[in-house]
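What the coordinates show
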Amino acid sequence: MSSLLKLEDVKVYFEVKRGLRRTFYVKAVDGVSLELRRGSSIVLVGESGCGKTTLGKVAVGLLKPTSGKVLYKGKDVFSLKGRERMEFRRRVQLVHQDPYTCLNPTKTVYAILAAPLKRWGLVKRREELLDKVASLLEEIGIPPEEYLFRYPHQLSGGERQRISLIRALSVDPEVIVADEAVSAVDASIRVELMDLMLKLRGKYNVSYLFITHDLAVARYFAIRSRGFIAVMYLGKILELAPEDEIIKRPLHPYTKALLAAVPVLDLEYAKTREPLPLKRLDVPSPINLPSGCRFHPRCPYAMEVCSREEPLLKEYSKGHYVACHLYDRG
Ligand code: SF4
């Protein structure tokens, strides 16, 4: 599988001024490397404020990192010019968390979906436009005859998000960065929306970088897409592995704590799960990160070395990477 999007040691530091003299740096993303290959998907999961959205913005070229590289088919995204830059913008699309704010409230569904088709010259004749928009709506289970001339405020949250999704897919992208794309909709339609994304993945041959704070959602999407899960904490990837590996054999204490916190309906199974009592529940400030392993103030297994040395993300078993001193060898 060829590489589509590659992030190499990406760092994003924001300068924060407090008073006249004091300047702090928020390390929103602190040395992340990820590779999204054609036909695969990566689910990026972590608590709110861990840097996931910042990383998503970097991946689509909206935010230039402080250091590190973002490569699209081997080329540095922030050096692309002219035609190549336009090609990148079309082939790598972002689906936002809140579809209400990213759909123009003054435009009808027809106008919203027709605009990118015209912009990228994907429909040759005007007469074809209506048919094309109608067929896009049919693909997402929305009857065009009823919805074509509705405005965003006349749609439900799920309908708005489906329109956001098909708008991104309509320009024939290779990568969709879905940032909390199902978080704003009711739990009852979350699964439906993820199933739709997965169904359209096959048709449009698209790869997803799926970002979520919810491990239950991450697990569902990763299992169905047979993708990878990357666990992010305070700007770093702590564990990365194929979905079945990380769910069945989580290595990092933080991943174990996240998995133990996912609610389950099966009471018998719930009894067999061992909770992982963290030393502290609050997440340290990204302005003042803990020394060594940034999880050590909360980790029940913390050792002396943990507050001194930052563990590197290393391959523990085939395709399973973890950043934790518990797995240091020799
Ligand atoms: Fe816990 Fe140490 Fe591993 Fe960090 S490196 S997760 S503190 S055991």
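Everything in this summary refers to the structure shown in the same document. From a predicted model like this one, the values you see are computed outputs, not experimental measurements. (Residues numbered from 1 in each chain as written. Predicted model: local features only at pLDDT ≥ 70, side-chain atom pairs only at ≥ 80, totals over all residues. Heavy atoms only, no water.)

Examining the pairing of strand β7 (residues 175-179)
Within β7, 5 of the 5 residues are buried, which leaves it mostly tucked inside the rest of the structure. Alternating residues of β7 divide into Val 175, Val 177 and Asp 179 and Ile 176 and Ala 178, and every residue in both groups is buried. Strand direction decides the pairing type here: β7 and strand β8 (residues 207-212), joined by 5 bridges, are parallel. Across the sheet, Asp 179 pairs through a bridge with Ile 211, a residue of β8. Tracing the backbone out of β7, into helix α8 (residues 187-204) and back to the parallel element β8 gives a crossover that is right-handed. (Buried < 20%, exposed > 50% of the residue type's maximum accessible area, 1.4 Å probe, protein only. Helix = DSSP H or I, 4+ residues; strand = E, 2+ residues; numbered from the N terminus. Pairing = 2+ DSSP bridges. Right-handed = clockwise from strand over helix to strand, strands pointing away.)

Regarding the site of the ligand
Taken together, 13 residues surround the ligand, and among them Cys 293, Cys 299, Cys 306, Cys 324 and His 325 come closest. Residue composition of the shell around the ligand, grouped by class: 10 nonpolar, 3 polar and no charged. (Near = heavy atom within 4 Å. Nonpolar A, V, L, I, M, F, W, Y, C, P; charged D, E, K, R; others polar.)

Let's talk about the state of the cysteines
This model, assessed by the stated rule, comprises 0 disulfides. Considering cysteine sulfurs only, Cys 293 is the nearest to Cys 50, which forms no disulfide, with 15 Å between them. Take Cys 50: its relative accessible area is 3%, and that puts it in the buried class. (Disulfide = S-S within 2.5 Å.)

A closer look at the pattern of salt bridges
Summed over all chains, the structure comprises 20 salt bridges. Here Glu 128 ties to Arg 125 by a salt bridge, and the two come within 3.4 Å at their closest N and O atoms. For Glu 128, a relative accessible area of 30% puts it in the partly exposed group. The network of salt bridges with common partners includes Asp 30, Arg 294 and Glu 310. (Salt bridge = Lys/Arg side-chain N within 4 Å of Asp/Glu carboxyl O.)

Here's the deal with the environment of Phe 78
Its place among the elements puts Phe 78 in the loop between β5 (75-76) and α2 (82-91). Separated by 15 residues in sequence, Phe 78 and Leu 63 place their C-alpha atoms 9.3 Å apart. Setting aside residues up to four positions removed in sequence, Phe 78 forms contacts with Val 58, Gly 61, Leu 63, Lys 64, Pro 65 and Val 70. (Contact = heavy atoms within 4.5 Å.)

Description of the packing of helix α4 (residues 109-119) against helix α7 (residues 157-169)
Their axes nearest at 9 Å, the elements α4 and α7 cross at an angle of 20°. Taken together, the axes of α4 and α7 are roughly parallel relative to one another. Once α4 is placed against α7, the crossing between them reads as right-handed. Residues Val 109, Ile 112, Leu 113 and Pro 116 of α4 touch α7, and the partners they reach there are Ile 163, Ile 166 and Arg 167. (Axes fitted to C-alpha atoms, helices over the stretch in contact; angles between N-to-C directions. Parallel < 35°, antiparallel > 145°, perpendicular 65-115°, else oblique. Left-handed = near helix turned anticlockwise from the far one by under 90°.)

A few points about the nonpolar core
If you look at the biggest cluster of nonpolar residues, it comprises 60 residues, and the most contacted ones within it are Ile 163 and Phe 210. Setting aside anything within four residues of it in sequence, one finds Phe 210 in contact with Ile 42, Val 43, Leu 44, Ala 178, Val 182, Met 194, Met 197, Val 217 and Phe 221. Grouped together as the second largest cluster of nonpolar side chains are 30 residues, Leu 4, Leu 34, Val 60 and Leu 80 included. (Core = buried A, V, L, I, M, F, W, Y, C linked by side-chain atoms within 4.5 Å.)

Focus on the side chain of Arg 160
The residue Arg 160 is located in helix α7 in this model. One polar contact links the side chain of Arg 160 to the main-chain carbonyl oxygen of Pro 152, over a distance of 3.0 Å. Sequence-distant contacts of Arg 160, defined by excluding residues within four places in its chain, comprise Pro 99, Tyr 100, Leu 103, Pro 152, His 153 and Leu 155. (Polar contact = N/O pair within 3.5 Å; in protein donor to acceptor, adjacent residues only side chain to side chain.)

Details of the sheet that holds β5
If you walk across this open sheet you meet the 4 strands as β2-β1-β4-β5, and the pairing is antiparallel. Looking at strand neighbours, the two that pair on one side only are β2 (22-37) and β5, the edges of this open sheet. Bridge count between strand β1 (residues 3-18) and β2: 13 bridges; the pairing is antiparallel. Each bridged residue has a counterpart across the sheet, and for Leu 7 the counterpart in β2 is Leu 34. Across the sheet, helix α1 (residues 52-59) is in contact with β1, β2 and β4 (67-72); its angle to β1 comes to roughly 125°.

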